[in-house]
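# Per-entry structural report
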Amino acid sequence: MNTRKGILFVISGPSGVGKGTVRNAVLSKLDDVQMSISATTRPPRNGEVDGVDYFFTTPGRFQQMIAAGELLEWALVYGNLYGTPCEFVSSMLRKGKDVLLEIDIQGALQVKKKMPEGIFIFIAPPSVEELSKRLCGRGNDSAESIQLRLSACQEEMDHIEYYDYVVVNDRIENAVEKVRSIIIAERCRRKNLNLG
Ligand code: ADP
Ligand code: 5GP
């Protein structure tokens, strides 16, 4: 029997900080966390699968989703549109399942307005130099795109005050353990338990 309400966890932070890496490791170590799959107009990268990594969609279809109110939040991130389909999130939370969103800071602020009871986790880099190394090492982005992501970093860091938790992704094992612990602790909060 499910004795808890579902909790919404939102992870964000600068591009290249390791959000995806941390999220995947946390999901592999914790049961019963549902990952929301975002819609995006960005073309798939090598190896990415539609419906698994993202719902890859056209700008026209994305605009329809906005108009129909199908997105919990959406934002233009580094030149592409990204958004969270609301139906999945609300149905999981209703069923008492915890949901994890990995979205950018503009999106996280929109979610915070609509669902202030969510738990907001900011993943921070140990330094800008290390962030730059990770973005270059990932090998996904052009030099121009890396520059765009690095120059957005300071402004993104200025929004840390809206988050409940800050986890510095220094060693990956440490960061994963901290995020896992946050989820476990939030699940034990009295207000999240149906104690009758
Ligand atoms: P994001 O999802 O935030 O854009 P990624 O998860 O894609 O970032 O990570 C960016 C790059 O940094 C990847 O190549 C990843 O393997 C690497 N990385 C992630 N966490 C760490 C860490 N703690 N130490 C060193 N490299 C890391
Ligand atoms: P990428 O293209 O590298 O997969 O993601 C680029 C950025 O878009 C990352 O910062 C990621 O967190 C963000 N992102 C992914 N999905 C969503 C979403 O549904 N909404 C918002 N606002 N940002 C997203």
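Structure first, text after, so check above.
Residues numbered from 1 in each chain as written. Chains lettered and ligands numbered in written order. Predicted model: local features only at pLDDT ≥ 70, side-chain atom pairs only at ≥ 80, totals over all residues. Heavy atoms only, no water.

## Describing the site of ligand 1
We apply this condition: We call a residue near a given molecule or strand whenever any one of its heavy atoms falls within 4 Å of it. Pairs of N or O atoms are called polar contacts if they sit within 3.5 Å, as long as, within protein, a hydrogen donor faces a hydrogen acceptor (for residues adjacent in sequence, only side-chain-to-side-chain pairs). Areas reported here follow the Shrake-Rupley algorithm with a probe of radius 1.4 Å; residue values treat only the protein chains shown as occluding. Numbering goes from the N terminus for both helices and strands, where a helix is a DSSP run of H or I of at least four residues and a strand is a run of E of at least two.
Taken together, 14 residues surround ligand 1, and among them G16, K19, T21, R138 and N169 come closest. At 2.8 Å from an oxygen atom of ligand 1 is found a side-chain nitrogen or oxygen belonging to R138. Summarising the interface, the protein chains cover 73% of the accessible area of ligand 1, which totals 560 Å² for the free molecule. Mapped by element, the contributors of at least two residues to the shell around ligand 1 are helix 1 (19–29) and helix 5 (128–138). Here the shell around ligand 1 takes 3 residues from helix 1, the largest share from any one element.

## Here's the deal with the packing of aromatic side chains
Keep this limit in mind: Centres within 6.5 Å make a pair out of two Phe, Tyr or Trp rings, where for Trp the six-membered ring is used; the pair is then stacked when the planes are under 30 degrees apart, edge-to-face when over 60, and tilted otherwise.
Here the structure, examined in full by the defined rule, presents 4 aromatic pairs. The rings of Y54, F56 and Y82 are connected pair by pair, giving a single aromatic cluster.

## Structural notes on the site of ligand 2
The immediate surroundings of ligand 2 are formed by 16 residues, with S38, R42, Y54, Y82 and D104 found nearest. Between ligand 2 and the protein, one listed contact pairs a nitrogen atom with a side-chain N or O atom of E73 at 2.7 Å. At 2.8 Å from an oxygen atom of ligand 2 is found a side-chain nitrogen or oxygen belonging to E102. Surface burial for ligand 2 is 95%, taken as the share of its 510 Å² of free accessible area covered by protein chains.

## Some points on the pairing of strand 7 (residues 98–102)
Regular strands show a simple pattern: their side chains alternate between the two faces of the sheet. Definition in use: For every residue, the accessible area obtained with a 1.4 Å probe (protein chains only) is divided by the maximum for its type, and the residue is called buried under 20%, exposed over 50%, and partly exposed between those limits. The criterion for strand pairing is that DSSP finds at least two bridges linking the strands in question.
Burial analysis of strand 7 places 4 of its 5 residues in the buried class, which makes it a mostly covered element. As paired elements, strand 1 (residues 8–12) and strand 7 share 4 bridges and run parallel to each other. Residue L8 lies in a different strand from strand 7, and its bridge partner there is V99. The sheet contact formed by strand 2 (residues 33–35) and strand 7 spans 3 bridges and is parallel. The residue of strand 7 that forms the bridge with Q34 is V99.

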